[in-house]
Every structure is written in C-alpha cells, then in structure tokens.
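Here is how the chains run, residue by residue.
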Amino acid sequence: MGSEKLPRVLLLGASGLIGRFVTDDLRTRGFRVIGVARKFSASQRINAFDLEMPLLAMDMAALARLLSEHEIDVVVNCLGVLQDGPGSDTAAVHRDFVGRLLQAMGYSGRAVRLVHISIPGTADDDRTAFSTTKRAAEALIAASGRAYAILRPGFVVAPSAYGGSALVRALAGLPIDLPADEAATPFQPVTVEDVAATIAFLAARDVGDAAVKAVTWDLMQPERISLGGVIDQFRFAFGAANMPRVTLPSFMLDLGARCGDLVNRLGWMPPMRTTAIAELRRGVRGDPQAWMDATGIVPKTIADMIGRHAATIQDKWFARLYLMKPLAIASLALFWTLSGFIALVISFPATRAILDSHGFPSAIAAPFAAVTSLMDMSIGVLIAFRRTCAAGLVAGIFVSLGYMAGTALLTPDLWIEPLGALVKTGPAIVLMLVALMMLDNR
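Residues numbered from 1 in each chain as written. Predicted model: local features only at pLDDT ≥ 70, side-chain atom pairs only at ≥ 80, totals over all residues. Heavy atoms only, no water.

Participant: I keep staring at the nonpolar core and nothing clicks. Help me out?
Facilitator: Nonpolar side chains tend toward joint burial in soluble globular proteins. Among the nonpolar cores identified, the biggest contains 37 residues, and Leu151, Ile199 and Trp217 are the most heavily contacted of them. Of all the elements, helix H7 (residues 192-203) adds the most residues to this core, at eight residues. When near neighbours in sequence (up to four residues on either side) are disregarded, Ile199 contacts Val22, Leu26, Val76, Val115, Ile117 and Leu151. Counting 29 residues, the second largest nonpolar core, distinct from the first, contains Leu12, Phe97, Leu101 and Leu102. (Core = buried A, V, L, I, M, F, W, Y, C linked by side-chain atoms within 4.5 Å. Buried < 20%, exposed > 50% of the residue type's maximum accessible area, 1.4 Å probe, protein only. Helix = DSSP H or I, 4+ residues; strand = E, 2+ residues; numbered from the N terminus. Contact = heavy atoms within 4.5 Å.)

Participant: Looking at this structure, I do not really get helix H1 (residues 17-28). What am I missing?
Facilitator: One turn of the α-helix equals 3.6 residues, which is why residues spaced by three or four share an orientation. Its 12 residues place the ends of H1 17 Å apart at the C-alpha level, agreeing with the 16 Å of an ideal helix rising 1.5 Å per residue. With nine of 12 residues buried, H1 lies mostly within the body of the structure. Within H1 the residues assigned to the buried category are Leu17, Ile18, Gly19, Arg20, Val22, Thr23, Asp25, Leu26 and Arg27. Gly30 occupies a position one or two residues after H1 and carries a positive phi of about 105 degrees. (Expected span 1.5 Å × (residues − 1).)

Participant: Any chance you could explain the pattern of salt bridges here in plain terms?
Facilitator: Proximity of charged atoms lets side chains of opposite charge pair with each other. Scanning the model with the defined rule gives 19 salt bridges in all. Glu138 is the salt-bridge partner of Arg152, the closest N and O atoms lying 2.5 Å from each other. A residue pair is termed long-range when its members are at least 10 positions apart, and Arg152 in strand E6 (residues 147-153) and Glu138 in helix H4 (residues 129-142) qualify at 14 residues. Here the salt bridges do not stand alone but share partners, grouping Asp126, Arg135, Glu138, Arg152, Glu279 and Arg282 into one network. (Salt bridge = Lys/Arg side-chain N within 4 Å of Asp/Glu carboxyl O.)

See the structure below:
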C-alpha cells in the first residue's frame with residue numbers, strides 16, 4: 001500500500017521514549033507522521049515533519065487547526081509526566097489537555113481516531129496524582145463517543161533508556177539488590193516494538209471499523225514476572241549475574257525518593273521520586289489476551305527482549321554510570337558552594353592572611369577574598385539548577401584554570417604545600433568535564 005493511501009498520523013510527545021520510537025517506526029512503514037513535542041534534542045531533529053510546539057498552551061481552536069491543516073486521520077497521544085513539580089502538572093497534561101484534544105477532534109471537521117497511551121491497573125489501585133489523572137483521561141475518552149484505543153503498556157523495554165527504564169538498567173549494572181518486597185512486585189514488560197506494531201495496526205484500520213472503534217488493551221507479556229526477575233534478565237545480558245550484591249533497606253528507597261523530589265524543584269527529572277516508588281510498589285500487571293486476540297500479535301517475553309542478546313559496551317557503561325551522574329553533579333555543586341562559604345564566612349581571616357602573606361595590599365586582599373568566595377558559591381548554585389548546570393560547569397572549569405594560572409604566577413609556593421590543594425584542582429576539572437559530557441537526558 002502506498003504512503004498516499006495510508007492515514008496521516010499526528011503523534012504528540014514525539015521526543016519521548018515511546019513517542020520517538022513509534023514516530024520513526026510508523027514512517028518506515030509508509031505512514032506520513034507529524035511528530036510534535038515541546039522540544040526535541042539536537043539528535044532528534046532529523047525530519048522536517050518533527051515540529052516543536054507548545055502543546056499544553058494550545059487551546060481547542062489551535063489544536064483543531066493543527067488537525068485540519070495537516071489532514072490528520074489518527075492522533076497518537078504519548079504525552080505524560082510523572083509528578084507535579086516545576087514545569088510539570090499531571091492534571092494539565094493527562095486530563096485537561098486530553099479534554100481539549102477531544103473537543104478539537106470534534107471541531108476539526110474530520111473523522112479522527114485517538115490512540116491514547118495510558119497505564120496498567122485499575123482505578124481501585126490508583127493512589128498518586130499520576131495514576132488518578134491518567135485514569136481521568138481514560139474516562140473522558142470513553143465518554144466522548146469518538147473512535148479510540150486506550151493502550152496500557154507494561155514496563156516498556158526499548159533500545160534507548162529514560163526514566164524508569166534507565167533506572168532498571170542502572171540497578172542491573174551495580175552491585176545492588178532491591179528489598180525483598182519490592183523485588184517481588186509484579187512487573188510485566190512489553191517491548192516498544194510491540195507497542196509500535198499495535199499502533200500501526202490501529203492506524204491502518206478505518207475509523208469506522210467496529211472491531212477497533214472503542215477498545216482498551218493491556219500491552220504486556222502474558223507470563224507473570226517480578227521486578228527482580230526483570231532486573232536479573234538485564235544482569236544476565238550485562239554479564240553481571242554473579243556479581244556480589246548488597247540489599248538496600250526499604251528506607252533507603254524512600255530517602256532516595258525524597259531526595260529526588262527535592263532536586264525536582266531545581267528543574268531535574270530524576271526517575272526516583274515518591275510517585276515512582278509508589279507506582280513501583282503497586283506493580284505492573286494486566287491481561288493482554290484481548291490485545292493479542294484482536295491484533296494477532298504474540299508479545300515478546302523478557303528473555304526475547306534482552307535475555308538472548310549480549311549487551312554492548314555502551315549498554316554497560318550507561319548502566320554503571322547512570323547513577324554516577326547525579327552523584328557527580330551533587331558533589332560539584334556542594335564542593336563549590338561549601339568552599340566559597342567556608343572561605344567567606346568561617347575562615348575569612350585565614351583567607352585574608354594568606355593573601356597578606358603573599359604581598360597583596362591590605363586594601364585589596366579583603367575585597368578580593370570576598371569576591372572570589374562569592375564567585376565560587378555562585379558557580380555551585382549554577383551547577384545545582386538543571387537549566388544553568390552547563391553554564392556553571394563551564395564557569396567552574398575556567399575559574400579553576402584561572403586559579404591554577406594565577407597561583408603559578410603570584411604564589412607558586414602554594415603548589416608545593418603539604419596538602420596539595422592546588423594539585424587536586426586538576427581532578428576536579430576532569431570531573432566537571434565528565435559531568436558536562438553526561439548532561440544530556442535523551
């Protein structure tokens with residue numbers, strides 16, 4: 001079938017883990033896909049039909065124009081956020097936007113099918129804003145009278161990794177075991193290829209096809225498996241199955257989640273937050289039989305997904321370094337902030353005395369010490385915030401090089417002082433370079 005005969009697809013959230021893969025997959029199948037996201041990474045800007053648009057700020061009329069101008073037949077909604085925080089509102093993304101989208105489909109003048117990515121489970125088990133707003137969107141869709149398919153994928157295994165899928169890989173690559181209760185949590189996975197095949201199946205069907213006009217399907221392997229079992233499959237692929245491991249106590253998970261909530265306020269999106277832990281403890285389970293019967297898809301098992309393929313070196317490096325990234329950034333933010341605070345507040349007389357002993361004029365020594373201390377603290381604050389982290393790391397590298405050059409010219413004896421403070425600046429610069437190289441999330 002030629003691409004001119006296939007329905008036109010609008011995919012919302014085309015920069016995400018599922019959205020990016022499905023966008024590319026549908027295009028290889030011949031569909032014309034308009035991929036829309038708030039922002040694409042530089043490596044994702046590879047197609048003229050990938051559009052950056054402020055979706056959540058668009059009203060019903062703007063969405064209707066988008067559908068009509070591009071002659072859209074199928075909308076795939078992959079938008080989602082894990083938790084409320086700066087720039088993230090679960091109700092706005094999951095419920096309110098879907099309400100406007102359904103209205104826009106009605107006003108577009110076109111017969112449009114909605115394929116909506118939701119979450120497994122039932123309303124009785126929903127305890128977080130993430131899950132309750134996802135379920136509210138399902139209710140709006142079911143009551144709309146529109147042609148729809150609500151897809152509830154399990155734990156999605158994809159070639160790329162982000163959020164929870166990245167965290168699972170990290171746990172598999174490190175000598176860490178989850179507490180017994182969490183490890184035993186049901187965790188049925190699905191490969192992103194099966195999700196994409198399902199969306200392609202739906203997109204190719206006529207919008208009036210009664211068999212798929214209003215369906216809700218669980219997408220996952222039918223065999224039951226625990227979270228610990230999924231992690232073990234990744235360990236096998238990484239060659240780390242026999243690695244000695246330490247079991248984390250449950251309170252460490254809760255503490256890590258609280259820390260994740262805290263850094264979320266600084267603009268970061270860590271996978272370990274209170275919502276993530278709550279959803280993890282609820283588990284991922286469902287019944288995929290209706291999906292399998294309707295589409296003829298035989299879902300891959302976790303062994304098919306990862307267990308039969310040896311991991312590449314980039315897979316291993318990613319898994320082992322994933323949790324080192326926040327550790328490096330937190331260490332650098334504290335290093336710069338505390339070093340400036342100590343020099344300015346706690347040891348200011350000693351800082352000034354060092355400058356005085358090396359011939360700095362008294363009128364200059366105090367202001368110079370204060371300014372450099374405040375500069376150090378500012379660099380630490382810049383590194384702590386996601387939006388300014390790159391600028392802070394670059395500033396830290398250049399300031400460190402400046403300190404090294406300045407002391408070599410003005411106070412060369414500091415290079416041979418017993419504790420080697422200046423010699424240690426070199427490794428700090430290397431750590432900042434490493435953190436800078438790992439800043440990308442996608």
